Amino acid sequence: MEMKIPFYNIVNMLLTGLVFVGGLIIIFPQYAIQLIQSDFYEKLKTGPEVILTICIFAIAYEIGLIINRIGSVIIEPFLKRFKLIPFNDDYTLFNDKKKDYPILGTLSREFALSRTSIALFLLLSIVSIYNRNCVVFISCVVISIVFYLSCRKHSSKIVQLMDKPKESAIKK
């Protein structure tokens, strides 16, 4: 049985999770050092790098999936409710327009990646405030704003293409 993980999932979940884990290591380096120096690996009779790598990738993918869902069920509805992004919920129209404008699929994926990144960096900013790390907090907030602007740009372009009349209707 051949198993394929779509590239979108690798980028949107695994990479997001790895960035989150990396952010936690930056915010809480003392815990990473304690884990590496512990006798945890000796009890498993395996090299620490193998176990650590497998665990980090598995945990990172799940964390990325959770962050992706937070972006979908919390961030996107918030942005739509307060009209911070233009949005058209007519998915039938979206699919029809995607036939005329194949770029809509790419714009939709970019929108989702931006939305996930907003959630990722907002979560890291919350964790950094908890740990009183102002530099990381400010960095994460600024990065969240950049991804918000990206999200708004992609959403605007999607809505613009969805509102565009069919080209065949224009030629008549």
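To be clear, the structure that these remarks concern was listed above.
Quick caveat, the model's predicted, so the values are computed rather than measured.

**Q** Can you help me understand the overall build of the chain in this one?
**A** A tally of helices and strands in the chain yields eight helices and zero strands. Listing every helix and strand of the chain by position from the N terminus yields α-α-α-α-α-α-α-α. Buried residues in the chain amount to 33% of all 172 residues. Long-range contacts, defined here as pairs at least 24 residues apart, represent 81% of the contacts in the chain between residues at least 6 apart.

**Q** What am I meant to see in the pattern of salt bridges here?
**A** Oppositely charged side chains can pair when the atoms bearing their charge come close. Under the criterion given, the structure shown has four salt bridges. A salt bridge links Asp-89 to Lys-80; the nearest nitrogen and oxygen atoms lie 3.1 Å apart. A residue is classified by how much of its surface remains accessible, and Asp-89, at 45% relative accessible area, is partly exposed. Here the salt bridges share partners, and the residues they tie into one network are Glu-76, Lys-80, Asp-89 and Arg-115.

**Q** Please clarify how the packing of helix 6 (residues 103–130) against helix 7 (residues 134–163) should be interpreted in this entry.
**A** Helix-helix packing is characterised by the crossing angle of the two axes and by the distance between the axes. Following both chains from N to C, one finds helix 6 and helix 7 inclined at 160 degrees, their axes separated by 8 Å at the closest point. Considering their axes alone, helix 6 and helix 7 lie roughly antiparallel with respect to each other. Crossing geometry of helix 6 relative to helix 7 is assigned as left-handed. Each residue belonging to the contact of helix 6 with helix 7 can be placed in one class, and the counts come to 19 nonpolar, nine polar and three charged.

**Q** Honestly, the layout of surface pockets in this entry has me stumped. Any pointers?
**A** Over the atoms a probe the size of a water molecule is rolled, and this reveals where empty space is left. Within this model, the second largest pocket holds a volume of roughly 200 Å³. Around the second largest pocket, the lining is made up of 14 residues, and of these Phe-87, Tyr-91, Phe-94, Ser-108 and Ile-158 lie nearest the centre. Along the lines of polarity and charge, the residues of the lining of the second largest pocket split into nine nonpolar, three polar and two charged.

**Q** It is not clear to me how the nonpolar core should be interpreted in this structure. Could you clarify?
**A** If you look at the biggest cluster of nonpolar residues, it comprises 29 residues, and the most contacted ones within it are Leu-79, Leu-104, Leu-124 and Ile-158. Elements with a contribution of two residues or more to this core: helix 1 (7–27), helix 4 (48–81), helix 6 and helix 7. Take this core: its biggest share by element is nine residues, from helix 6. Aside from chain neighbours lying at most four places away, what touches Leu-79 is Leu-84, Ile-85, Ile-118, Tyr-148 and Cys-151.

**Q** Help me understand helix 1, please; the structure alone is not making it clear to me.
**A** Helical periodicity: at 3.6 residues per turn, an α-helix aligns residues three or four positions apart in one direction. Between its first and last C-alpha atoms helix 1 spans 29 Å; for 21 residues at 1.5 Å apiece the expected length is 30 Å, and the two agree. Taken residue by residue, helix 1 has Asn-9, Asn-12, Met-13, Leu-14, Thr-16, Gly-17, Phe-20, Val-21, Gly-23 and Ile-27 as its buried positions.

**Q** Sorry if this is basic, but what is going on with a nonpolar patch on the surface here?
**A** A cluster of nonpolar side chains, namely Phe-78, Phe-82 and Leu-84, defines an oily patch on the protein surface of about 290 Å² accessible area. Tracing the sequence through the fold places Phe-82 in the loop between helix 4 and helix 5 (91–100). Among the residues examined, Phe-82 registers a relative accessible area of 49% and is labelled partly exposed.

**Q** Would you mind showing me how to read the packing of aromatic side chains here?
**A** The description of two aromatic rings rests on the distance between their centres and on the angle between their planes. Counting across every chain of the model gives four aromatic pairs. Arranged with centres 5.9 Å apart and planes meeting at 50 degrees, the rings of Phe-28 and Tyr-31 form a pair that is tilted. Ring geometry for Phe-87 and Phe-111: centres 5.8 Å apart, planes at 45 degrees, overall tilted. Here Phe-111 lies in helix 6 and Phe-87 lies in the loop between helix 4 and helix 5, a separation of 24 residues in the sequence. Taking relative accessible area as the criterion, Phe-87 reaches 29% and is therefore assigned partly exposed. Against the face of Phe-82 rests Arg-81, its NZ or CZ located 5.9 Å from the ring centre.

Cut-off values and rules
- Residues numbered from 1 in each chain as written.
- Predicted model: local features only at pLDDT ≥ 70, side-chain atom pairs only at ≥ 80, totals over all residues.
- Heavy atoms only, no water.
- Helix = DSSP H or I, 4+ residues; strand = E, 2+ residues; numbered from the N terminus.
- Buried < 20%, exposed > 50% of the residue type's maximum accessible area, 1.4 Å probe, protein only.
- Contact = heavy atoms within 4.5 Å.
- Salt bridge = Lys/Arg side-chain N within 4 Å of Asp/Glu carboxyl O.
- Axes fitted to C-alpha atoms, helices over the stretch in contact; angles between N-to-C directions.
- Parallel < 35°, antiparallel > 145°, perpendicular 65-115°, else oblique.
- Left-handed = near helix turned anticlockwise from the far one by under 90°.
- Nonpolar A, V, L, I, M, F, W, Y, C, P; charged D, E, K, R; others polar.
- 1 Å grid on protein atoms, 1.4 Å probe; cavity = no way out; pocket = protein on both sides within 12 Å on 5 of 7 lines; lining within 4 Å.
- Points joined across faces, edges and corners; volume = space filled by probe spheres on them.
- Core = buried A, V, L, I, M, F, W, Y, C linked by side-chain atoms within 4.5 Å.
- Expected span 1.5 Å × (residues − 1).
- Patch = residues over 30% accessible without salt bridge, like charges linked within 9 Å, V, L, I, M, F, W, Y side chains within 5 Å.
- Areas by Shrake-Rupley, 256 points an atom, 1.4 Å probe, with all protein chains shown as cover.
- Phe/Tyr/Trp six-rings, centres within 6.5 Å; stacked < 30°, edge-to-face > 60°.
- Lys NZ or Arg CZ within 6 Å of the ring centre and 35° of its normal.

This is a description of form; function is not addressed.
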